[in-house]
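Structure at a glance
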Amino acid sequence: MMRFMLLFSRQGKLRLQKWYLATSDKERKKMVRELMQVVLARKPKMCSFLEWRDLKVVYKRYASLYFCCAIEGQDNELITLELIHRYVELLDKYFGSVCELDIIFNFEKAYFILDEFLMGGDVQDTSKKSVLKAIEQADLLQEVRAGTLRGRRKRTKAKGTLPALDTLPAGPSCPFPPSLWRLAPKAPGWPAGPQALTARGGR
Amino acid sequence: MEAVNLLSSNKYTEKQIGYLFISVLVNSNSELIRLINNAIKNDLASRNPTFMCLALHCIANVGSREMGEAFAADIPRILVAGDSMDSVKQSAALCLLRLYKASPDLVPMGEWTARVVHLLNDQHMGVVTAAVSLITCLCKKNPDDFKTCISLAVSRLSRIVSSASTDLQDYTYYFVPAPWLSVKLLRLLQCYPPPEDAAVKGRLVECLETVLNKAQEPPKSKKVQHSNAKNAILFETISLIIHYDSEPNLLVRACNQLGQFLQHRETNLRYLALESMCTLASSEFSHEAVKTHIDTVINALKTERDVSVRQRAADLLYAMCDRSNAKQIVSEMLRYLETADYAIREEIVLKVAILAEKYAVDYSWYVDTILNLIRIAGDYVSEEVWYRVLQIVTNRDDVQGYAAKTVFEALQAPACHENMVKVGGYILGEFGNLIAGDPRSSPPVQFSLLHSKFHLCSVATRALLLSTYIKFINLFPETKATIQGVLRAGSQLRNADVELQQRAVEYLTLSSVASTDVLATVLEEMPPFPERESSILAKLKRKKGPGAGSALDDGRREPSSHDINGGVEPTPSTVSTPSPSADLLGLRAAPPPAAPPAPSGAGNLLVDVFSDGPAAQPSLGPTPEEAFLSPGPEDIGPPIPEADELLNKFVCRNNGVLFENQLLQIGVKSEFRQNLGRMYLFYGNKTSVQFQNFSPTVVHPGDLQTQLAVQTKRVASQVDGGAQVQQVLNIECLRDFLTPPLLSVRFRYGGAPQSLTLKLPVTINKFFQPTEMAAQDFFQRWKQLSLPQQEAQKIFKANHPMDAEVTKAKLLGFGSALLDNVDPNPENFVGAGIIQTKALQVGCLLRLEPNAQAQVSGALGGSPLRVHSLHPAPSCLTMFFQSHASALWPCLLPLLPPFCLSILWSSSPFPSLTFISPCSFHPLWPLFYLSSFTSVFPGPSHRGERGQGSGNVLPSQPTLL
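Here's what I pulled together on the structure shown here. Computed from a prediction, not measured in an experiment: that's the story for all the values here. (Residues numbered from 1 in each chain as written. Chains lettered and ligands numbered in written order. Predicted model: local features only at pLDDT ≥ 70, side-chain atom pairs only at ≥ 80, totals over all residues. Heavy atoms only, no water.)

1. Let's talk about the overall build of chain A
- Check the secondary structure of chain A and you find 6 helices and 7 strands.
- When the helices and strands of chain A are read in sequence order from the N terminus, they spell out β-β-α-β-β-β-α-α-α-β-β-α-α.
- A total of 203 residues make up chain A; the buried ones form 54% of that total.
- At a minimum sequence separation of 6, the contacts of chain A that also span at least 24 residues come to 60%.
- Total accessible area on chain A stands at roughly 9,000 Å², and carbon and sulfur atoms take up 55% of it. (Helix = DSSP H or I, 4+ residues; strand = E, 2+ residues; numbered from the N terminus. Buried < 20%, exposed > 50% of the residue type's maximum accessible area, 1.4 Å probe, protein only. Contact = heavy atoms within 4.5 Å. Areas by Shrake-Rupley, 256 points an atom, 1.4 Å probe, with all protein chains shown as cover.)

In structure tokens:
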């Protein structure tokens, strides 16, 4: 079972975190700081697995983002590595050549996709199609309310109340005002663009 | 409140945001939780799959106990309901898994479990994937309920493995069919032993072979994802093969496959290959195959650029080490240590120390290795490591001289590590006399060498050196004046450190007040250390932490493989099992965590020192008012099942740990002389809670009463947590006897009564007195004793290669003298002894004829051991040999020299003054102690009578230093 998943940038900014085991806030911060240090210090040719505390950490770098999963002793490292890749593919397909900014601004979507893909630390569905179908359905339901929200969203953006990137909190603990939510980003059936993260990422 | 309102909204957006809020608001606001639960319940009951999924996600995200209480009953229903949508089923399965992990007691098992298993047959791959996760977790707790899943999983797996890469459409990942599901299925199968049904098993083996075959095929894609997914399945397959550990063919194939990966250009694969090979090395079938890769692994250790890969390589070297390659591996690891990363140095030091000890054939090599270790990485050599070398040197006579010489040479280096000074100080203090004959290491030279390091050392080392000095005074009277001068110096007598000051004052007084006899008694050589689990191993385990990686398990599993590989591991206990008796835990609970070094060893010995004084008195003249307990056969329980096994460990040994469980440890020290014996039982309370009504009693079953007299002293009825109490048993053998007396220990621990019955390790051979005899004499008597009832013969097969030295040691431990050059066949062992009882003495001749052919070919037959006895009707002896032969002889032969079972105080080997606080004792307490002692033992004549060799277990044993 996966214990937690972190996304952070090369500069050490946490972009997304998902904890599958109840952990206190303090402990989380400590672990994140410690793990980021370890992972960021590693050179590109090093292997993607490391033993950290009593867990195994599997990480992979895509462009400027590190995707980092902590798994338990008996779990399979390689399949976790591919889990990360599948998640990136999902993001890529959903956002269309996803980049770090997409995840920063649409973190809630990134979380929803992750939720559809993983649940309680285990893979829920590995099929790209079915995950995306679920997300699209959800987006369609949102569409109903889109009209009323769209106007407000534009106004707020114009006023420049969008928080600075660095102060943007991550995690489900950041309830953005609904007015800022981006609506269904692209019409269904959009072509697969150049795969930004995937193309540059990996080795 | 607003959020809860949102939950009950019909609009998806509102509901979604409501749920998002909830996952933030998890604090146990009871009122709110109730409302939330209500809303979730409504959603679960709704027919809208999207809403249901949202609710399930929310439950899984929160996963609290309250949620569990509210929904644990509903979710299984949704999971198996025929009309649930696939996506809902998936969510429900994982949600249930989450709740089960959070609070397993809340999830009721019921008829739904059978239907969950059938989800493995579901059409929808997503559902299967989710369900496998759930089943894997559930079946760990109730393996029997889910047994049916094996065949389903196997058939599912074989369908996936044999499918073409396009069959599964979206579930194919870079041309690999359903890698996640395959991995999960393989993991599920690892929860169970190999399937019993031959058809299922055949199908499974076929699957595993297919996976191994596929690894050899050219890749269908150049993408790294393709090979990763493929290899993920391969590694999981290999761990399943290792788990089954029953298919030599597959194991060797797996090993070869991993061998290929060892040189793969992908770092990840090299890392994983090293890791899996570590577990593979512990399997008896593949150990040899793993060993063929030793050069590659050593090369990896040297050239690999990634520290974590290097660490894996070091782990693997540790796992694949056995007697044949120990020297090579240890020297490679030592060489690597010089350049190793700081983070893993300590672990490597521990591993080197363990390997060197475990596979040492000659102990001079061991001593060299450890001293090298200290030289190379002194800072990383923890206390346990150098304690251990001291213990081994102390317990083994044959290396003491060599060790003294080597440390002396090592200390001559201009800069040597403090640990080296410690080891050197201790060894020279104990065995410096062995090299004093050489003018280059004469006593004054030894002293000045040590003293030249004195000022550079920390307080602890200085304290140790002071003890060494006082020992020097005893060993070399000619250094007395110099040393007294050093002790008298103001820097010692007025040292700011209270410990050093106290030692200086006490030693100075001791050296000037006490007579040489007293000095010799007090400062006698340390007795051999009792054998315990190697604290180094304990430390390595602790370092690895709970749930640590494979290396730890290897440690446990190794013995089996090494036995096969010609190692002569002791059967009852090995270094690598947690502790000699931990396997025999009376409580059958999980073994105690590796850590508990029980009460600090030094403290214990000190307690022993004090209790020795009074305990010794009755031995000289037991006062009539001394209340001896000799209870009749009361209502004691039968001996614990392991009692016989425990007893057998002591047939050839007098000291050791008789019994150990989580609460209590019973150690034995005993000594026998003619028909008398004295036994010390040490009861250690391993918990932190006081034992109440502690009462150990000795019971004589049957007519043993007339054969053996055992006098016990009462012990305190309370044993404090972490404390140890000692009981003295005086034993007299009246007649020959067969069954050992029973020891019944009863106490209350935390209110619950505990009782335990063990067999006391008193067997007839303890009263064996060795006798020397010439060859002619021997055979003359041997022929005389040829009546059928005068002979007992047992033919048995050796379980292990017979090593002459080991066998000799065992026979000596058995009690008879070994007669050299008596038997015309040099392979044979002959011995003679007299069994001493009060009523009569029985002469006994013994002959062991090892039969090498029988042992090699494994044919019937074996090595006869014959005992001829003078006594006309040695019924008891015959019976003893017959009944104990089966248990005794297998353990007789393979046992290594005692150190191998070993093991030790986990803290300081110096039961010194360190634990006496100066305020609670008079600074001159050793003198009081001395006086109490001398009144007990009137000087050397008494010692002479007891003999030097047996002095160790006498109360006069000088544990002062």
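2. Examining the nonpolar core
- Counting 247 residues, the largest nonpolar core has A:Phe67, A:Tyr87, B:Ile40 and B:Leu373 as its most contacted members.
- A domain-level breakdown of this core finds at least three residues from each of domain 1 (1–108) and domain 2 (386–533) of chain B.
- The contacts of B:Ile40, once residues within four sequence positions are left out, are B:Tyr19, B:Ala55, B:Cys58, B:Ile59, B:Met67 and B:Phe71.
- If you look at the next biggest cluster of nonpolar residues, it comprises 48 residues, including B:Phe691, B:Leu743, B:Phe829 and B:Ile835. (Core = buried A, V, L, I, M, F, W, Y, C linked by side-chain atoms within 4.5 Å. Domains from an automatic or database assignment.)

3. Examining the interface of chain B and chain A
- Of the residues lining the interface, 57 residues belong to chain B; the matching set on chain A comes to 50 residues.
- When chain B packs against chain A, the two sides together hide about 4,800 Å² of surface, and 57% of this comes from carbon and sulfur.
- When the buried surface of chain B facing chain A is broken down by residue, B:Asp170, B:Trp180 and B:Asn268 rank first, second and third, together holding 14% of it.
- At the boundary of chain B with chain A, the tally comes to 4 salt bridges.
- For A:Asp122, the salt bridge identified is with B:Lys101, shortest N-O distance 3.8 Å.
- Here chain B and chain A share 17 residue pairs in polar contact (both at pLDDT 80 or more) between them. (Buried area = accessible area lost by both parts, 1.4 Å probe. Salt bridge = Lys/Arg side-chain N within 4 Å of Asp/Glu carboxyl O. Polar contact = N/O pair within 3.5 Å; in protein donor to acceptor, adjacent residues only side chain to side chain.)

4. Describing the packing of aromatic side chains
Residue and element names in this part refer to chain B.
- In total, this model carries 22 aromatic pairs over all chains according to the counting rule given.
- Between Phe-472 and Phe-476 the ring centres are 5.3 Å apart and the planes differ by 50 degrees, which places this aromatic pair in the tilted class. With respect to burial, Phe-472 and Phe-476 carry one shared label: buried.
- Ring-pair connections join several aromatic residues into one group, and the members of that group are Tyr-683, Phe-691, Phe-694 and Phe-747.
- In this structure, Lys-351 packs its charged tip against the face of Tyr-318, placed 5.5 Å from the ring centre. (Phe/Tyr/Trp six-rings, centres within 6.5 Å; stacked < 30°, edge-to-face > 60°. Lys NZ or Arg CZ within 6 Å of the ring centre and 35° of its normal.)

5. Regarding the sheet that holds strand E5 (residues 65–71) of chain A
- Sheet architecture is open: 5 strands sit in the order E2-E1-E5-E4-E3 (chain A), paired in antiparallel fashion. The open sheet has two edge strands with one neighbour each: strand E2 (14–19) and strand E3 (49–52) of chain A. Going from strand to strand, the sheet's axes swing by 20 degrees on average, the running direction of each strand aside.
- Across 7 bridges, strand E4 (residues 55–62) of chain A lies against E5(A) in antiparallel orientation. Opposite A:Arg61, over in E5(A), you have A:Tyr66 as the bridge partner.
- Contacts from helix H15 (residues 267–280) of chain B reach E3 and E4 of chain A, with the element oriented near 50 degrees to E3(A). (Pairing = 2+ DSSP bridges. Axes fitted to C-alpha atoms, helices over the stretch in contact; angles between N-to-C directions.)

6. What to know about the packing of helix H22 (residues 383–395) of chain B against helix H23 (residues 397–411) of chain B
All names here are of chain B.
- Contact geometry of H22 with H23 gives a least axis separation of 6 Å together with a crossing angle of 120 degrees. The orientation of H22 with respect to H23, classified from their angle, is oblique. Here Val-393, Thr-394 and Asn-395 of H22 come into contact with H23, specifically with Asp-397, Val-399, Gln-400 and Ala-403.
- Here the residues of the contact of H22 with H23 are counted per class, giving 3 nonpolar, 3 polar and 1 charged. (Parallel < 35°, antiparallel > 145°, perpendicular 65-115°, else oblique. Nonpolar A, V, L, I, M, F, W, Y, C, P; charged D, E, K, R; others polar.)

7. Examining the pairing of strand E16 (residues 841–848) of chain B
Residue and element names in this part refer to chain B.
- Of all 8 residues making up E16, 7 are buried, and the element is well covered by its neighbours.
- The pairing of strand E15 (residues 829–836) with E16 spans 8 bridges and is antiparallel. In the sheet register, Gly-831 faces E16, and the bridge partner there is Leu-846.

8. Re the environment of B:Arg781
- Along the chain, B:Arg781 falls in helix H35 (residues 775–784).
- Measuring from C-alpha to C-alpha, the distance between B:Arg781 and B:Gly843 comes to 10.0 Å, with 62 residues separating the pair along the chain.

9. Describing empty space enclosed by the protein
Residue and element names in this part refer to chain B.
- Using the criterion set out here, one finds 17 cavities of 30 Å³ or more in the structure.
- Estimates place the volume of the largest cavity at around 210 Å³.
- Surrounding the largest cavity, 17 residues form its lining, Val-176, Pro-177, Lys-214, Lys-230 and Ile-233 being those nearest its centre.
- When contributions to the lining of the largest cavity are tallied by element, the ones reaching two or more residues are helix H10 (149–162), strand E2 (176–177), helix H12 (198–216) and helix H13 (224–244).
- Examining the composition of the lining of the largest cavity, we find that 5 residues originate from one element, H13, more than from any other.
- Within the lining of the largest cavity, the residues separate by chemical class into 10 nonpolar, 3 polar and 4 charged. (1 Å grid on protein atoms, 1.4 Å probe; cavity = no way out; pocket = protein on both sides within 12 Å on 5 of 7 lines; lining within 4 Å. Points joined across faces, edges and corners; volume = space filled by probe spheres on them.)

10. Focus on the packing of helix H2 (residues 77–95) of chain A against H15(B)
- Orientation of H2(A) relative to H15(B), taken along the N-to-C sense of each, is 150 degrees, at an axis distance of 11 Å. Relative to H15(B), H2(A) is oriented roughly antiparallel. Of the residues in H15(B), those touching H2(A) at A:Glu77, A:Leu78 and A:Leu81 are B:Asn268, B:Leu269, B:Tyr271, B:Leu272 and B:Glu275.
- Per-class residue counts for the contact of H2(A) with H15(B) are 5 nonpolar, 1 polar and 2 charged.

11. Observations concerning a positive patch on the surface
- Positive charge collects at one region of the surface, where A:Lys26, A:Lys29, A:Lys30 and A:Arg33 lie side by side.
- Note on placement: A:Lys29 falls in helix H1 (residues 25–40). (Patch = residues over 30% accessible without salt bridge, like charges linked within 9 Å, V, L, I, M, F, W, Y side chains within 5 Å. Lys, Arg positive; Asp, Glu negative; His and termini not counted. Charge placed at Lys NZ, Arg CZ, Asp CG, Glu CD.)

12. Looking at the environment of B:His417
Residue and element names in this part refer to chain B.
- Mapped onto the elements of the fold, His-417 is located in the loop between H23 and helix H24 (418–431).
- Distance from His-417 to Arg-375, taken between C-alpha atoms, is 6.7 Å for residues 42 residues apart in sequence.
- If we skip the residues at most four places from it in the chain, His-417 touches Ile-374, Gly-378 and Asp-379.

13. What about helix H7 (residues 86–102) of chain B?
- In this model, H7(B) (17 residues) spans 24 Å end to end at C-alpha, consistent with the 24 Å of a helix rising 1.5 Å per residue.
- For H7(B), the tally of buried residues reaches 13 of 17 residues, placing the bulk of the element in the interior. (Expected span 1.5 Å × (residues − 1).)

14. Some words on helix H14 (residues 248–261) of chain B
Residues and elements named next belong to chain B.
- Between the first and last C-alpha of H14 there are 20 Å, a value that for 14 residues agrees with the 20 Å anticipated at 1.5 Å per step.
- The complete set of buried residues in H14 reads Leu-250, Leu-251, Ala-254, Cys-255, Gln-257, Leu-258, Gly-259 and Phe-261.
- Elements in contact with the buried residues of H14: H12, H13, H15 and helix H16 (287–291).

15. Section: the pattern of salt bridges
- Going through the model one piece at a time under the given rule, you end up with 28 salt bridges over all chains.
- For the salt bridge of A:Arg53 with A:Glu27, the shortest nitrogen-to-oxygen distance reads 3.1 Å. Of this pair, A:Arg53 sits in the loop between E3 and E4 while A:Glu27 sits in helix H1, and the two are 26 residues apart along the sequence.
- A residue is classified by how much of its surface remains accessible, and A:Arg53, at 40% relative accessible area, is partly exposed.
- One salt-bridge network, in which partners are shared between bridges, spans A:Glu51, B:Arg312, B:Asp315, B:Glu347 and B:Lys351.

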